[in-house]
Amino acid sequence: MQDCQAREINYLRISVTDRCNLRCTYCMPPEGVRPLGHDQVLRNEEIIALVRAAAAVGIKKIRLTGGEPLVRRGITELVQELAAIPEIDDLALTTNGVLLPAFAAQLKEAGLQRVNISLDTLQSFRYTLITRLGKLEQALAGIEAALEYGFHPVKINTVAIRGFNDDEINDLVAMTLDKPLHLRFIELMPVGVADGWAKSRHLAVAEIREIIERQFGPLSPVHKPTGHGPARYYTIAGARGTVGFISPLSDHFCHQCNRLRLTADGRLRPCLYDTREIDLKTPLRRGAGPEELAALFRRAVLLKPAGHSFAAGWQDDRRVMSQIGG
Ligand code: SAM
Ligand code: SF4
């Protein structure tokens, strides 16, 4: 499916729940977000019907996210059914990793190919500070479980925050030396609860790269590990893993955006930073067939804006990041 900018749209990120077992400061308010009622959240069979319709118009890649996808009941069965859709050639999941030791084996068995795990610090006190509810050793055990069960590639998402983890950049990078981990630094985005303070804590990718090269020497560009995102990847001489950079602010990549987002309550969002959404749940629940659903996907693709404007600030007072699916 091509959009108005001739971009090929083949990737759907699905927020399978708005609930989470953590409360990261840049994602949610301390008290969390009032959760959707169970009836408002798409059921497994509804997600499958939507993915089939999306596949018919060219979606080939699926990422399950949230909220925390591993707190959703029936997540393994959902993975299993998605993995069986022939047009879907890539199925991935983004998690904070806390529940991964308990789920890794069954997710692998169900057909999940790869995982991204979020980790912003290697210091216990800081991990609890940023996630409000988490313990560092749980996230680290999640990373070990992902490696042990053979997910490939295992990517680590690190949000770079000035004054919080800028002094740990090289410690985090060192994880890629002896483990096949693909660490990606992501610029903090002024989305939802982070809108008011993201600018003052912004750490540009160019600065992160300089910090790394000062310690490890020049980074060499490498082919990206499997994935469809906007990261650029490099490696340190002799390392088993790679280091990537995602710079939505300092060098935005809208011209190569290939994605749509489906919220947990069944709304299709053409762009993270655009408040326009197309309701899929209502037509689905009144019996819309594959053709009608596919037409709604086409409509969403045509609504995709050429680019976002962080400069205008976060315009969506109804949603924070965990409700859209990061
Ligand atoms: N709970 C899962 C997790 O944390 O990996 C999946 C959902 S979370 C919303 C997905 C990703 O969005 C995480 O890597 C998180 O760090 C990132 N994220 C959330 N808010 C962000 C912000 N304001 N700027 C940049 N990244 C953000
Ligand atoms: Fe939960 Fe992920 Fe948001 Fe943290 S970033 S609060 S783990 S959804």
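The following refers to the structure shown. What you see is a predicted model; the values in this text were computed from it and never measured.

**Re helix α5 (residues 136–148)**
Count 3.6 residues to each turn of an α-helix, and residues three or four apart come out pointing the same way.
So, point 1. Counted at 1.5 Å a residue, the expected span for α5 with its 13 residues is 18 Å, and the 18 Å between its end C-alpha atoms agrees.
So, point 2. Looking at the buried side of α5, the elements it contacts are α3 (100–110), β4 (114–118), α4 (124–131), β5 (154–160) and β6 (181–187).
So, point 3. At the C-terminal side of α5, Gly150 shows a positive phi close to 80 degrees.

**Brief notes about the environment of Leu50**
So, point 1. Looking at the secondary structure, you find Leu50 in helix α1 (residues 44–56).
So, point 2. The spatial distance from the C-alpha of Leu50 to the C-alpha of Gly238 is 44 Å, given a sequence separation of 188 residues.
So, point 3. For Leu50, the contacting residues outside a window of four places in its chain are Leu42, Leu262, Leu280, Leu284, Leu293 and Phe297.

**A short note on the side chain of Glu46**
So, point 1. Here Glu46 shows up in helix α1.
So, point 2. Discounting chain neighbours no more than four positions away, the residues touching Glu46 are Val41, Leu284 and Arg285.

**A look at the site of ligand 1**
So, point 1. Around ligand 1, a shell composed of 18 residues is seen, among which Tyr26, Gly67, Glu68, Ser118 and Met189 lie nearest.
So, point 2. Between an oxygen atom of ligand 1 and a side-chain N or O atom of Tyr26, the distance comes to 3.2 Å.
So, point 3. Between ligand 1 and the protein, one listed contact pairs a nitrogen atom with a backbone N or O atom of Met189 at 2.8 Å.
So, point 4. Considered on its own, ligand 1 offers 550 Å² of accessible surface; in the complex 94% of this is hidden by protein.
So, point 5. Of the residues in the shell around ligand 1, the class split is seven nonpolar, nine polar and two charged.

**A word on the packing of helix α6 (residues 169–178) against helix α7 (residues 205–216)**
So, point 1. Put simply, α6 and α7 touch, their axes get as near as 10 Å, and they point 65 degrees apart. Crossing geometry of α6 relative to α7 is assigned as right-handed. Listed contacts from α7 to Ile169, Asn170, Val173, Ala174 and Leu177 of α6 are Ile208, Ile211, Ile212, Gln215 and Phe216.
So, point 2. Broken down by class, the residue content of the contact of α6 with α7 amounts to eight nonpolar, two polar and no charged.

**Remarks on the sheet that holds strand β8 (residues 232–235)**
So, point 1. The sheet built from 12 strands is open, its strands ordered β7-β8-β9-β6-β5-β4-β3-β2-β1-β10-β11-β12 with mixed pairing. Every interior strand has two partners, whereas the edge strands, β7 (220–221) and β12 (278–279), have only one.
So, point 2. Examined bridge by bridge, β8 and strand β9 (residues 242–246) share three bridges and lie antiparallel to one another. The residue of β9 that forms the bridge with Tyr233 is Gly244.
So, point 3. Contacting β1 (11–15), β2 (61–65) and β10 (259–262), α1 crosses the sheet at an angle of about 165 degrees to β1.
So, point 4. Contacting β4, β5 and β6, α5 crosses the sheet at an angle of about 165 degrees to β4.

**Regarding the layout of surface pockets**
So, point 1. There is about 290 Å³ of room inside the second largest pocket.
So, point 2. In terms of lining residues, the second largest pocket is bounded by Val16, Thr17, Asp18, Arg19, His38, Val41, Leu42, Arg43, Asn44, Val71, Arg72 and Arg73.
So, point 3. Residues that form the lining of the second largest pocket fall into these classes: four nonpolar, three polar and five charged.

**With respect to the nonpolar core**
So, point 1. Ranked by size, the top nonpolar core spans 96 residues in total, and within it Leu12, Ile62, Phe185 and Phe297 carry the most contacts.
So, point 2. In terms of residues, this core owes the most to one element, α1, which gives seven residues.
So, point 3. Leave out the neighbours within four places in its chain, and Ile62 touches Tyr11, Leu12, Ile14, Val51, Leu82, Ile88, Asp90, Leu91 and Ala92.

Each value, and the rule that gives it
Sequence order sets the numbering: in each chain, residues are counted from 1 along the sequence as written. Each chain is given a letter, starting from A, and each ligand a number, starting from 1, according to the order in which they appear as written. Only residues with pLDDT of at least 70 are given local features in this predicted model, and only at 80 or more are side-chain atom pairs given and counted; all residues enter the totals for whole chains, interfaces and linings. Each side-chain value is derived from all of the structure's non-hydrogen atoms; neither hydrogens nor water enter the calculation. Where helices and strands are cited, they refer to DSSP runs of H or I of at least four residues and of E of at least two residues respectively, numbered from the N terminus. One less than the number of residues in a helix, times 1.5 Å, gives the span that helix is expected to have. Whether two residues touch is decided by their heavy atoms; if any such pair falls within 4.5 Å, the residues are in contact. One heavy atom within 4 Å of a molecule or strand makes the whole residue count as near it. By the criterion applied in these results, polar contacts are pairs of N or O atoms within 3.5 Å in which, for protein atoms, one can donate a hydrogen and the other can accept it, and in which residues neighboring in sequence qualify only through two side-chain atoms. Computed by Shrake-Rupley with a 1.4 Å probe, the accessible areas treat only the displayed protein chains as cover when residues are assessed. Side-chain classes follow a simple rule in which Ala, Val, Leu, Ile, Met, Phe, Trp, Tyr, Cys and Pro form the nonpolar group, Asp, Glu, Lys and Arg form the charged group, and the remainder, Gly included, forms the polar group. Inter-axis angles, ranging from 0 to 180 degrees, are taken between N-to-C directions of lines fitted to C-alpha atoms, where helices are fitted over the stretch in contact. Definitions for this section: a left-handed crossing has its near helix turned counterclockwise from the far helix by less than a right angle. A right-handed crossing has that turn clockwise. Paired strands, as defined in this entry, are two strands with at least two bridges between them according to DSSP. Both site types are read off a 1 Å grid over the protein atoms alone. A 1.4 Å probe that fits but cannot get out defines a cavity, while an open set with protein on both sides within 12 Å along at least five of seven lines defines a pocket; lining residues have an atom within 4 Å of a point. Grid points are joined across faces, edges and corners, and a volume is the space filled by probe spheres set on the points. Side-chain atoms within 4.5 Å link the members of a nonpolar core, which is a set of buried Ala, Val, Leu, Ile, Met, Phe, Trp, Tyr and Cys residues. A 1.4 Å probe rolled over the protein chains alone gives each residue an accessible area, and that area as a share of the maximum for its type sets the label: buried under 20%, exposed over 50%, partly exposed in between.

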